[in-house]
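Given next are the chains, with one letter for each unit.
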Amino acid sequence: MIKRFSRLIVCTMVACSLLLAGGTLQSAEAAPKYSWKLAMTWPTNFPIFGDAVKNMAAMVKEMSGGEMEIRIDSKNKHKAPFGVLDMVKAGQYEMGHSASYYWKGKDINTLFFTTMPFGMIAPEQYAWFYYGGGMELMKKVYDRHGVNSYPGGNTGNQMGGWFQKEIKGLDDLKGLKMRIPGFAGEVLSKLGVVVTNIPAGELYTALDRGTIDALEWVGPSLDLNMGFHKIAPFYYTGWHEPATELQFLVNQKKFNALPKHLQAIIETAMKYAAYDMYARSYHDSAVNWEKISKEYPNIKIRTFPKEVIAAMKKENKKLLIEKSAKDATFKEIYEAQKTYLKKVRKWTEISDYAYLKDNID
Ligand code: CA
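Residues numbered from 1 in each chain as written. Predicted model: local features only at pLDDT ≥ 70, side-chain atom pairs only at ≥ 80, totals over all residues. Heavy atoms only, no water.

Asker: Looking at this structure, how should I read the coordination of the calcium ion?
Answerer: Between any two of four tetrahedral donors, the ideal angle at the metal is 109.5 degrees; between two of six octahedral donors, it is 90 or 180 degrees. For the calcium ion, the protein coordination sphere consists of Gln158 (OE1), Glu216 (OE), Glu216 (OE), Trp217 (O) and Glu241 (OE), at 2.3 to 2.7 Å. Here Trp217 falls in the buried class, since its relative accessible area comes to 15%. (Donors = N, O, S within 2.8 Å, 3.2 Å for Na, K, Ca; no water. Buried < 20%, exposed > 50% of the residue type's maximum accessible area, 1.4 Å probe, protein only.)

As structure tokens, then:
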């Protein structure tokens, strides 16, 4: 009561001074005690990914009763889409939103916390993060950078990509020019694919003009707006990103300096926004796929032939073992994910998989 009363007096005093200075009552009430900045990898108004960040920031403001506010800077503002980890590390931004596998060039062990080719699907991976030791391993990796890392929203299983020509066997991969980033790109280059990474804004033209023969992006949730279905007839099912989890980053010093209740609010808001993005991605993919398949009925869904999948699996495993021999933490996380996947997949097999394989009409 006394607290509320004194707050009222303070507010009234602030309001009066602002009114005298030509301000308004509204701006006095909105003044937060903690004002943070977040840098995201995505452009302004980027759907789904950007919305997860907006949701998180809105929840923090609401749950803290306006005590804390987070300003979001898109890549258009900070101009460093792949510099988010460095900027949060340096304290230039208190928070970031990106994807852990973008930092593999700086720290190879960050690779594991987005998704891995032939790895876990989203429910399995969430189980691993929150109950199977994943958060602890992620903490071990990110503590070295003075940064806290949290799941930041899942795209669900990504599609294998848009192809101009059908892939009937391993020979069709030789010399194929494809945009596919990350670890999956390394796997495909072992099979003769010429792997390139092209900025999002130039992808459509590159595929249309034949600069590349194929590309992967996300799935119908985000592919629809890119328009690839208008120029490529084959849409392959996924293998390379079965559960792409984005990432919230928080500077550790700044986080530790916050009062406990605001730490709890931020962590709750991030977790809620992340899971909400998974539901949203699933929904948007369903709606957008219906749209694409109705408007472009000639699009053919394909799965890579067995010999191609087997070769990808073999190269993937070889690369993981090679990298494990060079880095003890890499080996530890690789083994941990492998062991967990084996266990959790047995359950998936007799639950979701058993249900789906006999119930899709
Ligand atoms: Ca992708």
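Asker: How do you make sense of the nonpolar core when you look at a structure like this?
Answerer: Considering soluble globular proteins, one finds that nonpolar side chains tend to be buried as a cluster. Counting 97 residues, the largest nonpolar core has Met56, Met95, Phe113, Tyr142, Trp162 and Phe163 as the members making the most contacts within it. Broken down by element, the residue count for this core peaks at eight residues, all from helix H12 (residues 260-295). For this core, the two domains that each supply at least three residues are domain 1 (4-152 + 245-283) and domain 2 (158-240 + 298-324). Tyr126, Ala243, Ala274 and Tyr278 belong to the second-largest nonpolar core, a separate cluster that totals five residues. (Core = buried A, V, L, I, M, F, W, Y, C linked by side-chain atoms within 4.5 Å. Helix = DSSP H or I, 4+ residues; strand = E, 2+ residues; numbered from the N terminus. Domains from an automatic or database assignment.)

Asker: Honestly, the domain arrangement of the protein in this entry has me stumped. Any pointers?
Answerer: Size of an interface: often given as the accessible area lost when the parts come together. One can read the domain layout of the protein as domain 1 (4-152 + 245-283) and domain 2 (158-240 + 298-324). A C-alpha centroid distance of 31 Å is found between domain 1 and domain 2. Opposite the 13 residues of domain 1 that make contact, domain 2 presents 14 residues. Buried area between domain 1 and domain 2, summed over both chains or domains, comes out near 1200 Å², and the portion from carbon and sulfur atoms is 76%. Counting the surface domain 1 buries against domain 2, the share from its top three residues, Lys104, Pro117 and Phe118, is 50%. Here Lys104 and Glu186 are joined by a salt bridge, their closest N and O atoms 2.7 Å apart. (Contact = heavy atoms within 4.5 Å. Buried area = accessible area lost by both parts, 1.4 Å probe. Salt bridge = Lys/Arg side-chain N within 4 Å of Asp/Glu carboxyl O.)

Asker: I would appreciate a short explanation of unusual backbone geometry in the present structure.
Answerer: Peptide bonds are, in most cases, trans, and in most cases residues other than glycine have a negative phi. Positive phi, normally seen in glycine, also occurs at Asn45, with a value near 60°. Relative to the helices and strands, Asn45 resides in the loop between strand E1 (34-40) and helix H3 (49-63). Note on Asn45: relative accessible area 58%, which makes it exposed. Even without a glycine there, the phi angle at Lys79 is positive, about 60°. Among the structural elements, Lys79 can be located in the loop between helix H4 (75-78) and helix H5 (84-89). By relative accessible area, Lys79 is classed as exposed at 66%.

Asker: So what exactly am I meant to see when it comes to helix H13 (residues 306-326) here?
Answerer: Because an α-helix completes one turn every 3.6 residues, residues spaced three or four positions apart along the sequence face the same direction. Its 21 residues place the ends of H13 31 Å apart at the C-alpha level, agreeing with the 30 Å of an ideal helix rising 1.5 Å per residue. If you check which residues of H13 are buried, you get Val308, Ala311, Met312, Glu315, Asn316, Leu319, Leu320, Lys323 and Ser324. (Expected span 1.5 Å × (residues − 1).)

Asker: Before we go on, may I ask you to explain the packing of helix H7 (residues 134-143) against helix H14 (residues 328-357) in this structure?
Answerer: Packed helix pairs are specified by the crossing angle of their axes together with the interaxial distance, meaning the distance between the axes. Two numbers describe how H7 lies on H14: the axes approach to 11 Å, and their chain directions differ by 165°. Classed by the angle they form, the pair H7 and H14 counts as roughly antiparallel. The handedness of the crossing between H7 and H14 is left-handed. Of the residues in H14, those in contact with Leu137, Lys140 and Val141 of H7 are Thr329, Glu332, Ile333 and Ala336. Looking at the contact of H7 with H14 residue by residue, the class counts come to four nonpolar, one polar and two charged. (Axes fitted to C-alpha atoms, helices over the stretch in contact; angles between N-to-C directions. Parallel < 35°, antiparallel > 145°, perpendicular 65-115°, else oblique. Left-handed = near helix turned anticlockwise from the far one by under 90°. Nonpolar A, V, L, I, M, F, W, Y, C, P; charged D, E, K, R; others polar.)

Asker: Mind showing me how you'd approach a nonpolar patch on the surface here?
Answerer: The grouping of Tyr355, Leu356 and Ile360 at the surface amounts to a nonpolar patch, some 360 Å² of accessible area in total. Its location among the elements puts Ile360 in the segment after H14. We classify Ile360 as exposed; its relative accessible area is 65%. (Patch = residues over 30% accessible without salt bridge, like charges linked within 9 Å, V, L, I, M, F, W, Y side chains within 5 Å. Areas by Shrake-Rupley, 256 points an atom, 1.4 Å probe, with all protein chains shown as cover.)

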